Amino acid sequence: MSGLKRLRNTRSSDAIKDSAGHRSITYPFTLKEEQILLNPAGNDLEFTELYESLEKELQEANDRVFVQFRDTAQSHLESCEILIDQANKTLGVFDVLASGFDSIKKQTSTFQEACDALSTEQLRLETLANDLEKHLKPFNMLEEITRRLNAPGTDFVKEEGFRRMLDSLDQCIDYVETHPNFNSVDLYQMRFRQCMTRALTLIRVYFVNSIREVTNDVQSRIAAKALNDSTQSALFYTKFRVDAPLLQSLTSEIQNRCDGHEEYVSLLGDCYKAYIYARKKLIIPIVAKRVNDMRNSIADLLQLTRQGIAYMRTVCIDEYDLFYAIFTDGEELLYDLLDGLCEALHDVLRNRIIHEKKAEVLYELCSLLQGLSSQDVEESEFEFSGATCISY
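Residues numbered from 1 in each chain as written. Predicted model: local features only at pLDDT ≥ 70, side-chain atom pairs only at ≥ 80, totals over all residues. Heavy atoms only, no water.

A. Seen up close, the pattern of salt bridges. Scanning the model with the defined rule gives 13 salt bridges in all. Where R70 meets D71, a salt bridge forms, and the shortest distance between an N and an O atom there is 3.4 Å. For R70, a relative accessible area of 52% corresponds to the exposed category. Judged by its relative accessible area of 41%, D71 is partly exposed. Between E319 and R279 there is a salt bridge whose closest N-O contact spans 2.6 Å. (Salt bridge = Lys/Arg side-chain N within 4 Å of Asp/Glu carboxyl O. Buried < 20%, exposed > 50% of the residue type's maximum accessible area, 1.4 Å probe, protein only.)

B. Looking closely at a nonpolar patch on the surface. Taken together, the side chains of L91, V93, F94, L97, F101 and I104 define a hydrophobic patch exposed on the protein surface, amounting to about 590 Å² of accessible area. Mapping F101 onto the fold places it in helix α3 (residues 44-149). (Patch = residues over 30% accessible without salt bridge, like charges linked within 9 Å, V, L, I, M, F, W, Y side chains within 5 Å. Areas by Shrake-Rupley, 256 points an atom, 1.4 Å probe, with all protein chains shown as cover. Helix = DSSP H or I, 4+ residues; strand = E, 2+ residues; numbered from the N terminus.)

C. The arrangement of helix α10 (residues 331-355) in detail. Along its 25 residues, α10 runs 35 Å from first to last C-alpha, staying within 8% of the 36 Å computed at 1.5 Å per residue. Among the residues of α10, L334, L337, L338, G340, L341, L345, V348 and L349 are the ones counted as buried. Buried residues along α10 sit against α8 (262-297) and α9 (301-326). (Expected span 1.5 Å × (residues − 1). Contact = heavy atoms within 4.5 Å.)

D. Region of interest: the packing of helix α4 (residues 160-178) against helix α5 (residues 185-224). Running from amino to carboxyl end, α4 crosses α5 at an angle of 155°, the nearest separation of the two axes being 10 Å. On the basis of the axis angle, α4 is roughly antiparallel to α5. For the pair α4 and α5, the sense of crossing is left-handed. Where α4 approaches α5, its residues F162, M165, L166, L169, D170, C172, I173, V176 and E177 are matched on the opposing element by V185, Y188, Q189, F192, R193, C195, M196, A199, L200 and I203. In the contact of α4 with α5, the residues fall into 15 nonpolar, one polar and three charged. (Axes fitted to C-alpha atoms, helices over the stretch in contact; angles between N-to-C directions. Parallel < 35°, antiparallel > 145°, perpendicular 65-115°, else oblique. Left-handed = near helix turned anticlockwise from the far one by under 90°. Nonpolar A, V, L, I, M, F, W, Y, C, P; charged D, E, K, R; others polar.)

Dropping the structure here:
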């Protein structure tokens, strides 16, 4: 009967209610079950079957929660097994990816090493290319220099690019001289020297032509107009001073390269000769005319000497200044020029002195010449002292 009580308790939620809504007293048994229960003596077999049925139902009712939990757990287990299987597959994919990543890492490392090796090789090749360019630069310049030097005309020497070209030639010559082990270096050295000689020859040609053109222009101006001595003298020096800075810079280019090269000394000598010839051609006739005029107009020997020396002193100073406006050296040649200019006065004074019969005049002449000579020495020493002070 305890089993019936449990059954009744478990089936209390299924109680049969009457028409008034009241719970039946025999709930949860059916009418047939109530009859069997209430009349147990009727049929033992039925009662036993009923009891076993009820007992089984009760057992099933008690086990329903556990069965549901089991089913739920089984469902969860199956889900977990599916998840585990998917996770294992995912892990397998991850293993494949990891293996691929390791392979990519190794390939990346190999690629990085190859890139580093290529970068090192590129740097080495760039350094080599720069060295080659540096070593080949003097040789590559030869063709361009030759082309420019073979161009017609000499006005190229006035351009700044001409001086840069001379500096480049100096560098090229120094380079081949310091690398005698290079192939065909003797040939290139000879060609560079030829180019330098050609360039300095262009300077010589331009200088000579310029001096000749100025000289011809001055002579044509004098011939076209009746100019007095002062105007002629101003014209002689003004025209030459116009291009003096350019001519001096050009002659300096030759002079700076004369050491050890006789052909360059010869080119510079041609410039000196052209200048001295032009100056003598212009100045000597004027000086001779002026000295002759003084000789004809001045009878007194002392006065003639004084005025003649004063005039020649002015001419020599002007010639000295003009010479060093065009050249930076050549003192001996300048003095040769000045000696030539003074020959006219020398001849006139010599002739007068030879024919002078008065001893006192000759004595005064000696005193005059000695005084002028002392004055020149003192002025020279003063100028030297002033230059020394300035240099300090």
